[in-house]
Amino acid sequence: MAKVAVLVTDMVEEVELTDPVKAYEEAGHSVTLVNSNEDSKITGKNGETFTTDKNVNDVKPEDFDALLVPGGFSPDMLRADPKNAEFAAHFMKEEKPVFAICHGPQFLVDTDLLKGHEVTSFVSVRKDLENAGATVVDKEVVVSRHLVTSRVPDDIPAFNKESLNLL
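Note that the coordinates shown come from a computational prediction; the quantities given were computed from them, not determined experimentally.

**A word on the overall build of the protein chain**
Okay, so step 1: Counting its regular elements, the protein chain contains six helices and eleven strands.
Okay, so step 2: For 167 residues, the compact-globule formula gives about 15 Å, and the C-alpha radius of gyration of the protein chain, at 14 Å, lands near that figure.
Okay, so step 3: For the protein chain, with 167 residues in total, the buried portion stands at 53%.
Okay, so step 4: Put simply, of all contacts in the protein chain between residues at least 6 apart along the chain, 65% involve residues at least 24 apart.

As structure tokens, this is what we get:
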């Protein structure tokens, strides 16, 4: 079974974290919540709190098989620390499964590895993705080699299905 890293910080869209994590764990995969905050506690957009398992400084991307980047404002906040992009870039370079929903694909811009990928996302970050060289489409889920992207919480069932297919 796969080891999935979830790169997340404050202001995450809770359901875009909890639903995929539940699906992965129910399928037998292990999940580790990783953040770059000094505190292991994070707070979602709607006030729900989570305890992360590891700090990005204390893990190696080589120890994981896949990466999930949930949406909300968390992806934009992750961009403030270059260590997060370095962590995610490993998965993109090695073509390990990467799952990003809503604003999650926006964070992947900082890896400089979206060129040539077809993606979808929340509408407000699509121009960023185009400027990074991705082809942006408006579909509930897009699979581009090892990268799975979706637009909004309503797309989670399709997002989870395609993510699990890659795992």
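Alright, that's what it looks like, and here's the rest.
**Considering a nonpolar patch on the surface**
Okay, so step 1: On the surface, a nonpolar cluster with roughly 260 Å² of combined accessible area is contributed by Met11, Phe73 and Met77.
Okay, so step 2: Here Met11 is to be found in the loop between strand E1 (3-7) and helix H1 (14-26).

**Observations concerning the side chain of Ser121**
Okay, so step 1: Secondary-structure assignment places Ser121 in the loop between strand E8 (118-119) and helix H5 (126-131).
Okay, so step 2: When sequence neighbours within four positions are dropped, the list of residues in contact with Ser121 reads Cys102, Pro105, Arg126, Leu129, Ser150 and Arg151.

**Points about the pattern of salt bridges**
Okay, so step 1: Taken as a whole and assessed by the stated rule, the structure comprises eight salt bridges.
Okay, so step 2: The partner of Glu130 in a salt bridge is Lys127, with the nearest N and O atoms 3.4 Å apart. Pair noted here: Glu130 and Lys127 are both in helix H5, with a separation of three residues, about one helical turn.
Okay, so step 3: A residue is classified by how much of its surface remains accessible, and Glu130, at 39% relative accessible area, is partly exposed.

Basis of the calculations
- Residues numbered from 1 in each chain as written.
- Predicted model: local features only at pLDDT ≥ 70, side-chain atom pairs only at ≥ 80, totals over all residues.
- Heavy atoms only, no water.
- Helix = DSSP H or I, 4+ residues; strand = E, 2+ residues; numbered from the N terminus.
- Rg over C-alpha atoms; globule rule 2.2 N^0.38 Å.
- Buried < 20%, exposed > 50% of the residue type's maximum accessible area, 1.4 Å probe, protein only.
- Contact = heavy atoms within 4.5 Å.
- Patch = residues over 30% accessible without salt bridge, like charges linked within 9 Å, V, L, I, M, F, W, Y side chains within 5 Å.
- Areas by Shrake-Rupley, 256 points an atom, 1.4 Å probe, with all protein chains shown as cover.
- Salt bridge = Lys/Arg side-chain N within 4 Å of Asp/Glu carboxyl O.

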